[in-house]
Amino acid sequence: MSARPRIIILGAGFGGLQAAQQFAGQSVDVLLVDRNNFHTFTPLLYQVATCALDPGDIAYPIRTIFRRATNIHFLMGEVQAINPSQKTVLIKVNGQQRTEVYDFLIVAVGTITNYFNIQALRKHAFGLKDLRDAVRLRNHILRQFEKAAWTQSPTEREARTTFVVVGGGPTGIETAGALFELYNHVLRKEYSAHPHMKARVILLEATNTLLAPYPDRLRQSALAQLQSLGVEVWLNARVADASHNQVTLADGRVIQSYTLVWAAGVRTTPLIETINVVLAAGGRIPVNEYLQVPEYPDIYAVGDIAYLLDENNQPYPQLIPVANQQGALAAKNILQRL
Ligand SMILES: Cc1cc2nc3c(=O)[nH]c(=O)nc-3n(C[C@H](O)[C@H](O)[C@H](O)COP(=O)(O)OP(=O)(O)OC[C@H]3O[C@@H](n4cnc5c(N)ncnc54)[C@H](O)[C@@H]3O)c2cc1C
């Protein structure tokens, strides 16, 4: 190891940022890598998608965050592979591949949308995992109202103003509610010359309840609030297929809609497979209590991609507080080893 250890952090999300902050001002050189040069505050993505916030409101420049930390260097690029035996990372930067060498590696690359291998969903559904997704969905939604306003066909008008959201977890619920409010409480005034237009929002959930991991009282409350707002909640409704203008359920029901928002699950990225360890449930990387990958103790994994059981033998949830705490802990554990 050189005089100043070199630490590479993959991902400047919640876990990666917390880790980098612990290293600021320490006798280490850190390379923080992300495909974006900004950090995204994911809880408010749905508000960008539904026009309540602008993209810049939830994106923070990474270089600004670390401008006083001279030992933290940022590289914008796409991480393509991890080679644990060589202790290198392959990164695509400006169309060129570069290899970076580490003494310690913190993997904090989060998750991606899970379309459960349904190709039609990959093609036609709108994910809501990052800022690009949110802006794409927002532009699409606004376009649907413009098209609906001028079409002569009532069937097409209805399909363009029918929005299907899949997934009865927090993201699906928030998005469905905000979508309903967007037109019926805000945009409607701007389309006063088109009184026949109204937005219909359908929330589909494959199981028999919203918010499955939450207490029953909260589940019932979420259902009641959505319904009183005007959102249609369809339980036991599993999506089987989709095209650009319709959604087909496994029970044969068909919804005419140009907008399918997919908030029904996440999975880990194929990048993780390059580490070459046996992955745990959900494709997450098993780590020990120090957040090390047992086969490669100089590699740490934190946040959504890490699989660690709590004292009740349950995997830590894929939530921001967990990512924050694990990011900070992994960094402290590395500093302890120097
Ligand atoms: C819409 C939405 C709403 C949410 N709301 C909440 C909430 O209210 N409360 C809560 O606790 N949690 C919420 N979550 C979950 C929360 O976002 C995650 O638990 C948290 O972001 C995990 O942090 P992380 O550091 O593991 O990954 P992330 O924060 O996802 O960061 C991963 C980073 O890695 C980068 N990256 C990934 N792959 C590569 C690659 N190959 N090359 C370069 N860079 C790469 C990404 O650009 C990203 O910056 C929400 C998630 C979503 C999608």
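Residues numbered from 1 in each chain as written. Predicted model: local features only at pLDDT ≥ 70, side-chain atom pairs only at ≥ 80, totals over all residues. Heavy atoms only, no water.

## Section: the domain arrangement of the chain
To be explicit about the condition: An automatic or database domain assignment supplies the start and end points of every domain. A quick way to say it: buried area is the sum, across both parts, of accessible area lost when two parts are put together, with a 1.4 Å probe. Note on definitions: salt bridges are taken to be side-chain nitrogens of Lys or Arg within 4 Å of carboxyl oxygens of Asp or Glu.
As assigned here, the chain comprises domain 1 (6-113 + 266-337) and domain 2 (119-262). Computed over C-alpha atoms only, the centres of domain 1 and domain 2 are separated by 32 Å. Each partner contributes to the roughly 1,600 Å² buried at the junction of domain 1 and domain 2, and carbon and sulfur atoms together form 68% of this total. Applying the counting criterion to the domain 1 and domain 2 interface returns 1 salt bridge.

## What to know about the site of the ligand
Using the following cut-off: By convention in this text, a residue qualifies as near a molecule or strand provided that one of its non-hydrogen atoms is within 4 Å of it. The term polar contact refers here to a pair of N or O atoms within 3.5 Å; inside protein, the definition further demands a hydrogen-donor-capable atom paired with an acceptor-capable atom, and it admits residues adjacent in sequence only when both atoms are side-chain atoms. All accessibility values rest on the Shrake-Rupley procedure with a 1.4 Å probe; residue burial counts only the protein chains present in the view. Strands here mean DSSP runs of E at least two residues long; helices mean DSSP runs of H or I at least four residues long; both are numbered from the N terminus.
Neighbouring the ligand are 28 residues; G15, D34, T42, D304 and I320 lie closest to it. Contact between the ligand and D34: an oxygen atom at 2.6 Å from a side-chain N or O atom of the residue. Protein coverage of the free-state accessible area of the ligand, which is 990 Å², stands at 85%. If you tally residues by element for the shell around the ligand, the top one is helix α9 (residues 320-337), at 3 residues. Two domains share the shell around the ligand, each providing at least three of its residues, namely domain 1 (6-113 + 266-337) and domain 2 (119-262).

## Here we look at the pairing of strand β16 (residues 246-249)
We count it as follows: Partly exposed describes any residue whose relative accessible area lies between the buried limit of under 20% and the exposed limit of over 50%, with all areas from a 1.4 Å probe on protein chains only and scaled to the type maximum. At least two bridges found by DSSP between two strands are what make those strands a pair.
With burial as the criterion, only one face of β16 is covered, namely that bearing V247 and L249; the residues Q246 and T248 on the opposite face remain uncovered. In this sheet, β16 lies alongside strand β15 (residues 239-242) in antiparallel orientation, the contact comprising 3 bridges. Bridge assignment links A242 to a residue of β16, and that residue is V247. The antiparallel hairpin formed by β15 and β16 contains 3 residues in its connecting segment. Pairing between β16 and strand β17 (residues 254-256): 3 bridges, direction antiparallel. Residue pairing across strands places T248 opposite V254, the latter belonging to β17. The hairpin formed by β16 and β17 contains 4 residues between the paired strands, and G252 there has a positive phi angle of roughly 95°.

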